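Fold and geometry: a report
The chain contents come next:
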Amino acid sequence: MRIDVLTLFPEMFESPLSHSILKRAQERGIVDIALTNIRDFTTDSYKKVDDKPYGGGPGMVMMCAPVFDAFEHLRQACPTPPRVILLTPQGRKFDQALARDLSGAERLLLIAGRYEGFDERIGTGLEAEQISIGDYVLSGGELAAMVVIDAVVRLLPEALGDAASTTEESFSEGLLEYPHYTRPEDFRGMKVPEILLSGDHGKIAQWRHQQRLERTRTQRPDLLSPENA
Ligand code: 6GU
């Protein structure tokens, strides 16, 4: 997969992209992630990327021209048409199903904005899908873009070792994970549940399933399908 990111702050991406699974996936050639600074596509001496909103009101708006020019530069360089994603609180809410859907694309182009928002014509003109990562306001789209990249890349074949590969499956069943424990058996008086030490794999599986249902009921009842409720 190839992922391009258009951003005013490419440096913000450096640390998340150079650790752990994202780092390894790039090293192994599973994903190629390229950052493009929108400001490099300004044409005036101030390198202006934002302007006052028509109609008045607070804040500044991301201008069309630098974003379109950066976009067209990237489109020229590679013939595969990308899925174009605009990170915005107005977008469709990101979830595991959307991550899985995006992980099937050959190419993604993410656009992260700053200021009050994008000129509306950026989304319409570039035929972008709009994605939000949740109902709260971030200072810009960069962290949201990183969330999307992380969730998508770990789903690419071979991106994960065996150990981690089951986590996503459980979420896709619509239930939270069961509780995990490792050594010691007793930590400051907090004991590992007896059943996990029993060696009875049937009983353990049953207990874990029960825990998943119970946790989901108490912490995320919204996730429960009618047959589990
Ligand atoms: Cl994608 N952008 C911003 N600025 N805030 C958000 C968001 C995106 N998703 C949730 N909050």
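Below is a short write-up of the structure. (Residues numbered from 1 in each chain as written. Predicted model: local features only at pLDDT ≥ 70, side-chain atom pairs only at ≥ 80, totals over all residues. Heavy atoms only, no water.)

**A closer look at the overall build of the protein**
To keep things clear, this is the line we draw: Elements are defined by DSSP. Helices are runs of H or I of four residues or more, strands are runs of E of two residues or more, and each kind is numbered from the N terminus. With C-alpha atoms as the basis for the radius of gyration, the globule rule is written as 2.2 Å multiplied by the number of residues raised to the power 0.38. The classification of residues rests on relative accessible area computed with a 1.4 Å probe and restricted to protein chains. Under 20% of the type maximum is buried, over 50% is exposed, and intermediate values are partly exposed. Here, residues are in contact when the closest pair of their heavy atoms is within 4.5 Å. Each accessible area is a Shrake-Rupley result for a 1.4 Å probe, and residues are judged covered by the shown protein chains and nothing else.
Of regular secondary structure, the protein possesses eight helices and ten strands. Rg of the C-alpha trace for the protein: 22 Å, well past the compact-globule value of 17 Å for 229 residues, more than 25% over. Put simply, the protein has 229 residues, and 41% of those count as buried. For the protein, the share of sequence-separated contacts (at least 6 apart) that also reach a separation of at least 24 residues comes to 75%. Surface exposure of the protein reaches about 13,700 Å², of which carbon and sulfur atoms provide 51%.

**Quick word on the side chain of E142**
Assignment of secondary structure puts E142 in helix α6 (residues 142-153). On the basis of relative accessible area, E142 is assigned to the buried category, the value being 0%. Not counting chain neighbours up to four residues away, the residues in contact with E142 comprise T7, F9, M12, F13, A112, G113 and R114.

**Quick word on the site of the ligand**
Operational definition: Nearness of a residue to a molecule or strand requires only that one of the residue's heavy atoms be within 4 Å of it. Polar contacts, as used here, are pairs of N or O atoms within 3.5 Å; protein pairs need one atom able to donate a hydrogen and one able to accept it. Residues neighboring in sequence count only if both atoms are side-chain atoms.
In the neighbourhood of the ligand, the contacting residues comprise L87, T88, P89, I131, S132, I133, G134, Y136, L138, G140 and A144. Interatomic distance of 3.0 Å between a backbone N/O atom of I133 and a nitrogen atom of the ligand. Those elements that provide at least two residues to the shell around the ligand are β5 (83-93) and β8 (129-132). With three residues, β5 is the single largest residue contributor to the shell around the ligand.

**Remarks on the environment of F9**
By secondary structure assignment, the location of F9 is in the loop between β1 (2-7) and α1 (14-17). On the basis of relative accessible area, F9 is assigned to the partly exposed category, the value being 30%. Taking C-alpha positions, F9 is 7.6 Å from E142, a pair spaced 133 residues apart along the chain. In this view, F9 contacts R114 and E142; residues no more than four positions away in its chain are not counted.

**Details of the side chain of D4**
The topology assignment puts D4 in strand β1. At 2.8 Å, the side chain of D4 and the side chain of R2 are in polar contact. Residues within four places of D4 in sequence aside, it is in contact with A34, L74, R107, L108, L109 and L110.

**Quick look at the sheet that holds strand β7 (residues 117-118)**
The criterion, for reference: Two strands make a pair as long as DSSP finds a minimum of two bridges between them.
One open sheet holds the three strands; their spatial order is β3-β4-β7, and the pairing between them is mixed. Every other strand in the sheet has two partners, leaving β3 (50-51) and β7 as the edge strands with one partner each. Pairing geometry for β3 and strand β4 (residues 61-62), over two bridges, is antiparallel. By the bridge assignment for β4, D51 is matched with V61.

**Notes on the sheet that holds β8**
Definition in use: Axis lines are fitted to C-alpha atoms, over the contacting stretch for helices. Their N-to-C directions set the angle, which ranges from 0 to 180 degrees.
If you walk across this open sheet you meet the five strands as β2-β1-β6-β5-β8, and the pairing is parallel. Here the strands that pair on one side only, and so sit at the sheet edges, are β2 (32-37) and β8. Adjacent strand axes in the sheet meet at a mean angle of 30° when their direction is disregarded. Looking at chain direction, β1 and strand β6 (residues 107-112) are connected through five bridges and run parallel. The partner of I3 across the bridge, within β6, is L108.

**Examining the pattern of salt bridges**
The line we're drawing: Criterion for a salt bridge: a side-chain nitrogen of Lys or Arg within 4 Å of a carboxyl oxygen of Asp or Glu.
Overall, the coordinates contain 13 salt bridges when judged by the stated rule. With its nearest N and O atoms 2.8 Å apart, the salt bridge here joins D4 to R2. By relative accessible area, D4 is classed as buried at 0%. In this structure, K191 engages D186 in a salt bridge whose closest nitrogen and oxygen atoms are separated by 3.5 Å. In this structure K191 comes out as exposed when scored by relative accessible area, which is 60%. Through salt bridges with shared partners, one network takes in R2, D4, D32 and R107.

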